[in-house]
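Next come the chains, spelled out residue by residue.
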Amino acid sequence: MRRPVVMGNWKLNGSKTMVTELLTGLNEELEGVTGVDVAVAPPALYVDLAERLIEAGGNKIILGAQNTDLHNSGAYTGDMSAEMLKDFGATHIIIGHSERREYHNESDEFVAQKFAFLKKNGLKPVFCIGESEAQNEAGETETVCARQIDAVINAHGVEALNDAIIAYEPIWAIGTGKAATADDAQRIHASIRAHIAKKDAAVAEQVIIQYGGSVKPENAASYFAQPDIDGALVGGASLDAKSFAAIAKAAAEAK
Ligand code: PGA
């Protein structure tokens, strides 16, 4: 049985006021909600404040972050280490998001290095994969996802996926309101799991595969009803406490 994980990716959004209101609201909304892991990934500058607010709310929310660099200390101006994230209680770290792949030229191999770096430091990678609209239209979705996953498997072995999270996020669905249908998402999730199972069935069985891309309270339940969709990575709708909590509750009820 895989316990669903619903994670909010706040991207480049936030202020002290906004973080305080959002987490205070979430602390209230998630009172008594069980059967789902709820995580948030604030911008790095607000991880400290988020840790304190989550603690004040009784630690119902898991703290995450949106990136890591590849070193824990040293002469790397502007970088942010896994050790530092750990120091503030962050555990679930997003890597390979399409926005970083695109705007920061992060390659499959570089993302695989980040994956290994997080594992080495005892942190959980939330490893994003997904195809572009052109790749989708060309029928290349499964191939693209397999290639992105193989970058990790080939470099670090399939066991690296133990206790990790994969987020399948079709790029054309991110922030567009054009979500994948639940059936299409299920088909791709099943193919991702089957691809991993070719290497190791037990690893494939336990790995959490989230769907991401325009998840909203209105469509969330349809995803969570699918056998291979184990939660969601949520952008826009995670910036509103009620919307994000509604998505988390839908996951708790469906699984
Ligand atoms: P969205 O973003 O929910 O706003 O589509 C998802 C993501 O990029 O993780």
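Everything numeric in this text was worked out from a predicted model, so none of it was measured.

**Some details on the overall build of the protein**
Within the protein, the secondary structure is distributed over eleven helices and eight strands. Against the globule reference of 18 Å for 255 residues, the protein gives a C-alpha radius of gyration of 17 Å, in line with a compact fold. By the burial criterion, 53% of the 255 residues in the protein qualify as buried. Long-range contacts, defined here as pairs at least 24 residues apart, represent 74% of the contacts in the protein between residues at least 6 apart. On the protein, roughly 11,100 Å² of surface is accessible, and the fraction owed to carbon and sulfur atoms is 51%. Of the side-chain charges in the protein, 23 are positive and 35 negative, and the distance between the mean point of each set is 2 Å.

**A look at the site of the ligand**
With respect to spatial proximity, 13 residues lie near the ligand, and among them Lys-11, His-97, Glu-169, Gly-175 and Ser-214 are the closest. In this structure, Ser-214 approaches the ligand through a main-chain N or O atom, which is 2.7 Å from an oxygen atom. Here an oxygen atom of the ligand sits 2.8 Å away from a polar atom, N or O, in the main chain of Gly-235. Burial of the ligand by the protein amounts to 97% of the accessible area it has alone, namely 280 Å². Among the residues making up the shell around the ligand, the classes are represented as four nonpolar, seven polar and two charged.

**What to know about the nonpolar core**
Soluble globular proteins: nonpolar side chains tend toward being buried together. Counting residues in each nonpolar core, the largest one holds 73 residues, and the members touching the most others are Leu-23, Leu-26, Leu-161, Ile-166, Ile-192, Ile-196 and Phe-224. Among the elements that take part in this core, helix α11 (residues 241-254) stands out by supplying eight residues, more than any other. Among all residues touching Leu-23, those that are not within four sequence positions of it are Trp-10, Val-40, Ala-50, Leu-53, Ile-54 and Ile-61. Residues Ala-41, Ile-94, Ile-165 and Ala-167 belong to the second largest nonpolar core, which totals eleven residues.

**Re the pattern of salt bridges**
Enumeration over the complete set of coordinates arrives at 19 salt bridges. Between Arg-2 and Asp-228 there is a salt bridge, with the nearest N and O atoms lying 4.0 Å from each other. Here Arg-2 is found in the segment before β1 (5-9), whereas its partner Asp-228 is found in the loop between α10 (217-224) and β8 (231-234), with 226 residues between them in sequence. Per residue, the accessibility class of Arg-2 equals that of Asp-228, and both read buried. The closest approach of N and O atoms between Lys-124 and Asp-163, which form a salt bridge, is 2.8 Å. Linking Lys-124 in strand β5 (residues 124-129) with Asp-163 in the loop between α7 (141-156) and β6 (165-168), this pair joins segments that are 39 residues apart in sequence.

**Describing the pairing of β8**
What you see with β8 is no split at all: Gly-231 and Leu-233 on one side and Ala-232 and Val-234 on the other are buried throughout. Alignment of β1 against β8, held across four bridges, turns out to be parallel. Of the residues in β8, the one forming a bridge with Gly-8 is Val-234. Inspection of the sheet shows strand β7 (residues 208-212) paired to β8 by two bridges, in the parallel sense. Residue pairing for β8: Gly-212 is matched across the bridge by Leu-233. In this view, the connection linking β7 to its parallel neighbour β8 by way of α10 has right-handed handedness.

**Notes on the sheet that holds strand β4 (residues 92-95)**
Spatially, the eight strands close up into a barrel ordered β1-β2-β3-β4-β5-β6-β7-β8, and their pairing is parallel. Across this sheet, the average inter-strand angle for adjacent strands is 25 degrees, counted without regard to direction. For β1 and strand β2 (residues 37-41), the ladder comprises five bridges, and the chain directions are parallel. Within β2, the residue paired with Met-7 across the bridge is Ala-39.

Parameters and conventions
- Residues numbered from 1 in each chain as written.
- Predicted model: local features only at pLDDT ≥ 70, side-chain atom pairs only at ≥ 80, totals over all residues.
- Heavy atoms only, no water.
- Helix = DSSP H or I, 4+ residues; strand = E, 2+ residues; numbered from the N terminus.
- Rg over C-alpha atoms; globule rule 2.2 N^0.38 Å.
- Buried < 20%, exposed > 50% of the residue type's maximum accessible area, 1.4 Å probe, protein only.
- Contact = heavy atoms within 4.5 Å.
- Areas by Shrake-Rupley, 256 points an atom, 1.4 Å probe, with all protein chains shown as cover.
- Lys, Arg positive; Asp, Glu negative; His and termini not counted.
- Charge placed at Lys NZ, Arg CZ, Asp CG, Glu CD.
- Near = heavy atom within 4 Å.
- Polar contact = N/O pair within 3.5 Å; in protein donor to acceptor, adjacent residues only side chain to side chain.
- Nonpolar A, V, L, I, M, F, W, Y, C, P; charged D, E, K, R; others polar.
- Core = buried A, V, L, I, M, F, W, Y, C linked by side-chain atoms within 4.5 Å.
- Salt bridge = Lys/Arg side-chain N within 4 Å of Asp/Glu carboxyl O.
- Pairing = 2+ DSSP bridges.
- Right-handed = clockwise from strand over helix to strand, strands pointing away.
- Axes fitted to C-alpha atoms, helices over the stretch in contact; angles between N-to-C directions.

On their own, these measurements won't tell you what the molecule is for.
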